[in-house]
Each structure stands twice: as structure tokens, then as C-alpha cells.
Amino acid sequence: MHDLSCQADKDHHQGTKGTKNCQGMGRCFSWCLGALVVRSFLFLLLAALPLMAARPQRVVSQAVGTDELLLALADPGQIAALSHIGRDARFSVVAAEAKRFPALKDSDAESVLRFRPDLVLAASFTRPETLALLRRAGVRLVVLDRFDSLEDVYASLRILGHELGQDARAEALIAQCRARVQALAERLRGARPVRVLTAGAYPFTAGAGTTFQDLCEHAGAVNVAAEAGLKGHAPTPSEKLLTWNAEVLVISGDRPDGSDARARLAEIPHYRVLPAFKAGRFAVIPGALMSSVSHHRIDAYELLARALHPERLR
Amino acid sequence: MRARLAIPVLVALLVLAFLASLAFGELRLSFGQVVSALLGGGDDIARTVVRDFRLPRALVGMAAGAALGASGVVMQAFFRNPLASPGLLGVSSGGALGAVAVLALAPATGFAAATLWALPAASILGAFGATGAVLMLAQRGAGTERLLLSGVALNALLGAGTSFLLTTTAGHFEVNAQILFWLMGGLESRSWEHVWMGVPAILAACLLLLPLGRAMDLLSLGEQSAQSLGVDVRRLRRQLIILSTVLTALATAVGGIIGFVGLVVPHMLRIAFGPDHRRLLPYSMLGGAAFLLACDLVTRTFPLGLRLGVVTSLIGGPFFLWLLRRPR
């Protein structure tokens, strides 16, 4: 059930990392050349040298979302440490890759500073007191705080690419992402949207303005919770759920076949009486992918689209 | 005179609360629809809502309320202290810690099958542990201060255990949410499994408790007097503490920590109908059931998703303070 094209993409990406690295530096240099072409040669050298030196070499990422972005853009040598849950496959799409780098012991300021970072990446949900401590320590801090849509992700990729001195790599990744999303949209054009609901033992469901809503919009699905007027993550109703007519339950668990998630749902009366549950109509999205806020969420789009519209995507 | 009215009034209140529990919910159903759904007619949705959601929820609520009410009466008689109750003494916290331990360990042991019966069993075990600790910390006839301070210490200790488990499961946010459920009490998502798990056992414990009312009256005169009047005090005390602990644990197993019911209900009924245990026991069972259903109705109709344990505490907390300040 694994996403083949996505796997291929990743392999490709990893395989070319070394060469791309040199390209990136070269491109950066030629951009400088272009911009400063009228200035004197000496001046050019003086301007370019600090630019090269300013490329951070000890980057610490503090959250899973920023881990996923950083791994996609940085040279391996630029990464000093990743977040403490970035290597946990339950939360991180890039767990295997992240294990090759040191991990923070905790998310607090001290375990970040221990790595003597020259750039720290944090997310909007990082504790404010931690951010204050890092700022006071004089470390360059970039807080990526918008993850709601793909455009937000692209904006974050651009910011991060610029910070890392990897602008070209960021643009290439964004273009690749846009192409995948567009290809998916074309396959799904005219398909009847399937009525879906996120279901789990967690007593909240995702309505409008959530990453799940974003997922539905890209995967040929209607989020029945949003349709019923739920905003954000709201308590799952029990009786009203019966009137929402969800055709497929979107579940995520630690096991790839979703058997653990299904067993949990079977204990909850308002899920097990639903026709979709009785008929076994589930779409399984791995937990880490479901909650991914990086460009990896496109994997989830493709996975859900394939589960809901198998006739359009094999 | 007043006592003669007690049973009819309490039964009427309970029936009213029970019918209201079936009639009100997220979906607007007419009374006719509810009745026909109960009898197996009507459309599928109404039938599912009434028979699989509202009916088990009301039955579990009634049983848990009766158990907590009765358990409160027994603890007050046992400790001969009006401020004793399962929540304040830490027995509920013990039951919750047991339940939480099962939930926290369940992901490792296989989730679904393990929890259904392991959970009430662990809850009873935890409650007995807490009861044992209370008995050791505050011997019989202990003063209010000693009893309550023991309860404070025990609640803190057990609460720390629960918090620890809560942090170790932080990664499993679904497990985490279930644990929070136990800590705040609630009757949503109750199903027929919970009815079978809790109601027959609670009913049995209540029936075993009822004949002990007279002996409890004699015990309230003091142990020596009770003994000289032919009560086997040791045996009675053993029966009382076992039954009240089982009742509290079962209520906790099906509804989480629901505070203050065991304190508020017996006291209100004592003020209204007098302290005679033969009467107070059945009254507290009926009154506890009606009170808990009424509180559950508040949580269902209140828009912000108020939890059951929060509602009972909002009523019980001020009541407790009033009791504490009342001249005796």
C-alpha cells in the first residue's frame, strides 16, 4: 500500500543530494556575480566572502515540522541536531533519515544551546520562554509559524532556503511539489468527492481550517465535519455523527494496516454504529503523515486520493 | 411524616431525570419518537440514538450515582465522621490510578481486548489499595483533621502517580485523552458493555448493603454500645468497608472520578429526612442516581462541553465548605 512514486521521489532526492550541493553553491556565487557585475573585482571578493562564510554550519531544528523542512534543504554537514521526536516514526515522516543526526535531548533551551548552534529553527508552538532564552543567548533564531496550507509550506521553504544559503534547492523543491499537486488535481478532475470523516479514540475531530481539511481538498474528498459547520478541532459529536453520512472513515495508527486504530474505534459506540464502520470502509493514513505540516503532506494527499479514487490512480 | 414522603419524592425525581436523559441530547427527538424508538420502531437513527447511546448512558449514570451515594453514607458511618466520602479520602483516586495504569500499559499489551475487563478489575484493586492506606493512616473514630489530612496526602500521592502515567503516555495522544476522561469523569460514549460491566455488580452490592442499615444505626452509638447490643462490630466493619470500596471502584470504572456525590447526596437527604441509616441508605441510592443524571443532563445541554466531574465538583465544593463552617 506504500506510495511508490513518492518513494522514487525520495530516492531521487537523496541520490542527487551531493551534486546538488555543489550546484547550489555555484548558483549562489553566479547570482552574486550577476548582481555585482558593474563593481570592481576586489569589491566583489569582499562582498562574496562574508556571504559564503555566513552560510550556517551548525543548524539545530527544534520541532518535527522544521526537521522535515531542514532535511530537505540543508547539506548534511550543515545540520548539528534535530528535534527529540524527529527520529520517532510515530510522529516523523523522516524518522529513518533523522537517525543519522544527533538529536536534542529535550525541547528546552539548554539542550539546544549545548550544540553551539549558529541557527536555530523553531515552530510557532515552541514555548515562548524557550524562545526568549534562545534570543537572550544571542543565537540566530528563525521561527516558522505558518503551516496551514501548502502555500505556507512554500513560504517556509523559501525562508529556510535563504537562511541556509540554499535558495536554489528550495525553489527546485517547490517546483517539484507544485508539479505533483497539479498532476494529482488533473487525475481527480471531475471525480465525485467522497464524504469522509477523521475518526479516532481522541475525542476531537477536524473541521474547517485544519490540515485535515487541506488534505481533503487535495484528495477529492468532502470533510463532513467541516460541512456540518465544525471549525478547527472540535469535540466529536455522538448522535449528530449518524446524520452526517460519512462514506469513508479516515484513520491513522501506528500499524500500517490500521488494525490498531480500528480496534480502538470498535470500543466507541458512536463510531461502531456508523454504516461506514460496519462496512469496513476505512482509509488508513500513517499517523506521522497525517500530522505532517511540511511538504511531505503531499504524500498524504496521494495516499488518500488513491484510497478514495482507485479507478483514477492505480 | 416527612419520611413517608421520601421514597415517592425520590422515585419521582429519578424517573423524571431518567426520562429527561432519554429525551434530551444532541439530536432533537420528540417524545413520541423516543418512545417508539425504545419499543423498536421509528427510523434507524432515532433507534440507535435512544437504544444504543442514551439508554446505556442513563443506566450507567444511575448505577454510578447510586453507588457513590451509598458509598458516602457507609464511609460516614464507618468513620463516624460527616466529612468522610470516597473522593475526599482518596478511594476514587486509587480507583482512577488503577484504571489509568491499565490504559497506559494497554498499548503495549494489545489495546482492545485487554481493557474491557482489566479496567474495572484494576480500578477495584486501586481502590482497595487506597482504602487500606486510609485505614492505616486514620484509625477508626479519628478526628476530622486527621482523616482529611490523610485524604489530602493520599490524594496527592495517587494524583502524582496518575500524572506520571499521563506524561509517559504523552506520545500516545489518544491514550492521553482517555486518561483525562478518567480524571474528569463523564458518561459520554458509554455503551451496553459498560452497563454489563457495572450495573449488575453495583446492584448486587447495594442489595447486600441494605440489610446492614440497622447495624449501622447501632454503630453510630459507639462501638461498645453496638457490641453490647449484639452487633458483631468487627464483621460489620469489614463488610461495610469492602462494600463501599467495591461500589466506589465500580462507579469509577464506568464513569471516571466523579467527586462530591458521596458527600453532597447523603447530607442533603440527612438534612431533609433525618439520620436513620435504614432509611438513609436507600434514599442515598435513589438520590445519588437522580443527582448524577441531573448533573449529566447539565453537561449535555451546556454548550462548552462541561465534564461531569466538573459539574458535581462545582456543586459539591461550595456545599462542602458550607458543611465545614456550619456549627455542630
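Residues numbered from 1 in each chain as written. Chains lettered and ligands numbered in written order. Predicted model: local features only at pLDDT ≥ 70, side-chain atom pairs only at ≥ 80, totals over all residues.

1. Description of the overall build of chain B
Here comes step 1: What chain B contains, in helices and strands, is 15 helices and zero strands.
Here comes step 2: Over its C-alpha atoms, taken along the principal directions, chain B stretches across nearly 65 × 55 × 35 Å.
Here comes step 3: Each of the 328 residues in chain B was classed as buried or not, and the buried ones make up 52%.
Here comes step 4: Contacts in chain B between residues at least 24 apart in sequence constitute 79% of all its contacts with a sequence separation of at least 6. (Helix = DSSP H or I, 4+ residues; strand = E, 2+ residues; numbered from the N terminus. Buried ≥ 20, exposed ≤ 12 C-beta atoms within 10 Å, placed from the backbone. Contact = placed C-beta atoms within 7 Å.)

2. Points about the overall build of chain A
Here comes step 1: When helices and strands are tallied, chain A shows 16 helices and ten strands.
Here comes step 2: Taking all 314 residues of chain A together, the buried fraction comes to 41%.

3. A word on the nonpolar core
Here comes step 1: Grouped together as the largest cluster of nonpolar side chains are 179 residues, with contacts concentrated most on Val250 and Leu304 of chain A together with Ala67, Ala70, Ile202 and Leu250 of chain B.
Here comes step 2: Looking at which element gives the most residues to this core, the answer is helix α3 (residues 44–79) of chain B, with 20 residues.
Here comes step 3: Two domains each donate at least three residues to this core, and these are domain 1 (55–181) and domain 2 (190–308) of chain A.
Here comes step 4: Apart from residues lying up to four places away in sequence, Val250 of chain A is in contact with Val196, Leu197, Thr198, Ala199, Ala283, Ile285 and Leu304 of chain A. (Core = buried A, V, L, I, M, F, W, Y, C linked by C-beta atoms within 7 Å. Domains from an automatic or database assignment.)

4. Some remarks on the sheet that holds strand β4 (residues 141–144) of chain A
All names here are of chain A.
Here comes step 1: Taken together, four strands build an open sheet; the order of strands is β2-β1-β3-β4 and the sheet is parallel. Strands at the two margins of the open sheet, each flanked by one partner only, are β2 (79–81) and β4. Looking at each pair of strands side by side, their axes are set apart by 30 degrees on average, direction ignored.
Here comes step 2: Pairing analysis gives three bridges linking strand β1 (residues 59–61) to strand β3 (residues 119–123), with the strands arranged parallel. Considered in β3, the bridge of Val60 is made with Val120. (Pairing = 2+ DSSP bridges. Axes fitted to C-alpha atoms, helices over the stretch in contact; angles between N-to-C directions.)

5. Section: the interface of chain A and chain B
Where interface size is quoted, it is often the accessible area lost as the parts come together.
Here comes step 1: Chain A puts 21 residues into the contact, and the matching count from chain B is 19 residues.
Here comes step 2: In terms of residues, the side of chain A that touches chain B owes the most to one element, helix α12 (residues 259–265) of chain A, which gives three residues.

6. Side note on the domain arrangement of chain A
Residues and elements named next belong to chain A.
Here comes step 1: The domain architecture assigned to chain A consists of domain 1 (55–181) and domain 2 (190–308).
Here comes step 2: Contacts between the two partners involve 17 residues from domain 1 and, on the opposite side, 13 residues from domain 2.
Here comes step 3: At the level of elements, α4 (64–73), α8 (150–164) and α9 (167–188) are the ones that each hand at least two residues to the side of domain 1 that touches domain 2.
Here comes step 4: In terms of residue class, the side of domain 1 that touches domain 2 is built from eleven nonpolar, three polar and three charged. (Nonpolar A, V, L, I, M, F, W, Y, C, P; charged D, E, K, R; others polar.)

7. Quick look at the environment of Leu141 of chain A
Residue and element names in this part refer to chain A.
Here comes step 1: The topology assignment puts Leu141 in strand β4.
Here comes step 2: Accessibility expressed as a C-beta count within 10 Å gives 17 for Leu141, which makes it partly exposed.
Here comes step 3: Along the primary structure Leu141 and Pro256 are separated by 115 residues, whereas in three dimensions their C-alpha atoms are 36 Å apart.
Here comes step 4: Setting aside anything within four residues of it in sequence, one finds Leu141 in contact with Val120, Ala122, Leu131, Leu134 and Arg135.

8. Details of the confidence of the model for chain B
Here comes step 1: Across chain B, the average pLDDT comes to 86, with 93% of residues at or above 70.
Here comes step 2: Predicted as a complex, the structure gets a pTM of 0.80 and an ipTM equal to 0.78. (pLDDT = per-residue confidence, 0-100.)

9. Focus: the sheet that holds strand β7 (residues 221–223) of chain A
All names here are of chain A.
Here comes step 1: Sheet architecture is open: four strands sit in the order β7-β5-β9-β10, paired in parallel fashion. A strand with exactly one partner marks an edge of an open sheet, and here the two such strands are β7 and β10 (282–284). Averaged over all pairs of adjacent strands, the angle between their axes in this sheet comes to 35 degrees, without regard to strand direction.
Here comes step 2: Direction of pairing for strand β5 (residues 194–198) relative to strand β9 (residues 248–251): parallel, over a ladder of three bridges.

10. Points about the environment of Gly220 of chain A
All names here are of chain A.
Here comes step 1: Position of Gly220 relative to the elements: it lies in the loop between α10 (211–218) and β7.
Here comes step 2: The exposure class assigned to Gly220 is buried, which follows from the 24 C-beta atoms found within 10 Å.
Here comes step 3: Setting aside residues no more than four positions away along its own chain, Gly220 makes contact with Leu188, Ala191, Pro193, Val194, Ala305, Leu308 and His309.

11. A word on helix α15 (residues 308–325) of chain B
Along an α-helix, residues three or four positions apart point the same way, because every turn accommodates 3.6 residues.
Residue and element names in this part refer to chain B.
Here comes step 1: The end-to-end C-alpha separation of α15 is 26 Å, in line with the 26 Å expected for 18 residues at 1.5 Å each.
Here comes step 2: The principal kink in α15, of about 25 degrees, is found at Leu314, preceding the proline Pro318 by one to four residues.
Here comes step 3: For α15, the set of buried residues is Leu308, Gly309, Val311, Thr312, Ser313, Gly316 and Phe320.
Here comes step 4: Contacts made by the buried residues of α15 are with α8 (173–184), α12 (233–255), α13 (261–273) and α14 (277–301). (Expected span 1.5 Å × (residues − 1). Bend = angle between axes of the 7 residues up to and from the residue.)

12. Thoughts on the packing of α13 of chain B against α15 of chain B
All names here are of chain B.
Here comes step 1: Relative orientation of the contacting elements α13 and α15 amounts to 60 degrees, with a least axis distance of 9 Å. As far as their axial angle goes, α15 and α13 are oblique. Considering how the two elements wind past one another, α13 and α15 form a crossing that is left-handed. Here Val261, Leu263, Val264 and His267 of α13 come into contact with α15, specifically with Thr312, Ile315, Gly316, Phe319, Phe320 and Leu323.
Here comes step 2: Looking at the contact of α13 with α15, its residues break down into seven nonpolar, three polar and no charged. (Parallel < 35°, antiparallel > 145°, perpendicular 65-115°, else oblique. Left-handed = near helix turned anticlockwise from the far one by under 90°.)

13. Description of the confidence of the model for chain A
Residues and elements named next belong to chain A.
Here comes step 1: Taken as a whole, chain A shows an average pLDDT of 83; of its residues, 83% reach a score of 70 or greater.
Here comes step 2: At the level of individual helices and strands, chain A shows its lowest average pLDDT in helix α1 (residues 4–15), which scores 35, and its highest in β7, which scores 97.
Here comes step 3: Contacts from residues 1–50, a stretch scored under 50 in pLDDT, to residues over four places away or in other chains number 22 contacts.

14. Focus on helix α16 (residues 297–308) of chain A
Residue and element names in this part refer to chain A.
Here comes step 1: The end-to-end C-alpha distance of α16, which contains twelve residues, comes to 17 Å, matching closely the 16 Å that a straight helix rising 1.5 Å per residue would cover.
Here comes step 2: Burial of α16 is extensive: eleven of the twelve residues sit out of reach of the surface.
Here comes step 3: Buried within α16 we find Arg297, Ile298, Asp299, Ala300, Tyr301, Glu302, Leu303, Leu304, Ala305, Ala307 and Leu308.

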